[in-house]
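Structural overview for review
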Amino acid sequence: MSLPRAKLTKNFPGCPVEATLSFLDGKWKGVILFHLMDGTLRFNELRRKLPAITQRMLTKQLRELEDGGLVSRTVFAVVPPRVEYALTALGDTMRPVIEALAVWGEQNVFCHPDGRRLRDVVAERELAAFAPVEA
């Protein structure tokens, strides 16, 4: 039985990209960090921002981010219980990475009713090559 990626963080021989991605693997971790960049959020606020995620998966991803030191969890002893999540100082160092992903997505991923599509750079270059040049 293999170990989950999150448990293998000491076994990346010389590859900082793979080591970094081990803390961001999973469909939702980057999106969670993106939303926490705006400030502290309660669990249900995060759920509302991510309507496609299940409660179980959100809990799992938040725990892994907390274990990695990227997110802090604060529990308030009130009824009903209140839990808040925020980026740690280490998590905040991921801000440029998450912002770069957001910019790339805005420039290259297009959402259509039939699904997402990537920008067709080859077609754009071919069109530009045949475009009339203005004098």
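In what follows, the structure referred to is the one given above.
First things first, this report covers the structure right here in the doc.

Reading the values: the criteria
Residues numbered from 1 in each chain as written. Predicted model: local features only at pLDDT ≥ 70, side-chain atom pairs only at ≥ 80, totals over all residues. Heavy atoms only, no water. Pairing = 2+ DSSP bridges. Helix = DSSP H or I, 4+ residues; strand = E, 2+ residues; numbered from the N terminus. Salt bridge = Lys/Arg side-chain N within 4 Å of Asp/Glu carboxyl O. Buried < 20%, exposed > 50% of the residue type's maximum accessible area, 1.4 Å probe, protein only. Phe/Tyr/Trp six-rings, centres within 6.5 Å; stacked < 30°, edge-to-face > 60°. Lys NZ or Arg CZ within 6 Å of the ring centre and 35° of its normal. Core = buried A, V, L, I, M, F, W, Y, C linked by side-chain atoms within 4.5 Å. Contact = heavy atoms within 4.5 Å.

1. Side note on the sheet that holds strand 2 (residues 71–76)
Taken together, the three strands give an open sheet; going across it, the order is 1-3-2, and neighbouring strands pair in antiparallel fashion. Taken across any chain shown, the strands that pair with only one partner, and hence form the sheet edges, are strand 1 (41–42) and strand 2. Pairing of strand 1 with strand 3 (residues 82–87), which is carried by two bridges, proceeds in the antiparallel orientation. In the strand pairing of strand 3, Leu 41 is matched with Tyr 85.

2. Some thoughts on the pattern of salt bridges
This structure, assessed with the given rule, holds five salt bridges. The salt bridge partner of Asp 25 is Lys 29, with a shortest N-O separation of 3.3 Å. The salt bridge partner of Glu 64 is Lys 60, with a shortest N-O separation of 2.8 Å. Placement of both Glu 64 and Lys 60 in helix 4 (residues 55–67) is noted, with a separation of four residues, approximately one turn of the helix. Residue classification places Lys 60 among the partly exposed residues on the basis of a relative accessible area of 42%. Salt bridges linked by common partners bring Asp 25, Lys 29, Lys 60 and Glu 64 together as one network.

3. Observations regarding the packing of aromatic side chains
Counted by the stated rule, this structure contains zero aromatic pairs. Above the face of the Phe 76 ring, Arg 82 is positioned so that its terminal group lies 3.8 Å from the ring centre.

4. What to know about the nonpolar core
Judged by nonpolar contacts, the single largest core of 21 residues is most densely connected at Ile 32, Leu 33, Leu 36, Leu 46, Leu 58 and Tyr 85. With residues up to four places along the chain from it excluded, the contact list for Leu 58 reads Ile 32, Phe 43, Leu 46, Arg 47, Leu 50 and Ile 53.

5. A few points about unusual backbone geometry
Here Val 79 and Pro 80 are connected by a cis peptide whose omega angle stands at -5 degrees. Its location among the elements puts Pro 80 in the loop between strand 2 and strand 3.

6. A few points about the pairing of strand 4 (residues 109–112)
For strand 4 and strand 5 (residues 115–118), the ladder comprises four bridges, and the chain directions are antiparallel. Across the sheet, the residue bridging to Val 109 is Leu 118, located in strand 5. Where strand 4 hands over to strand 5, the hairpin turn is made up of two residues, counted between the paired strands.

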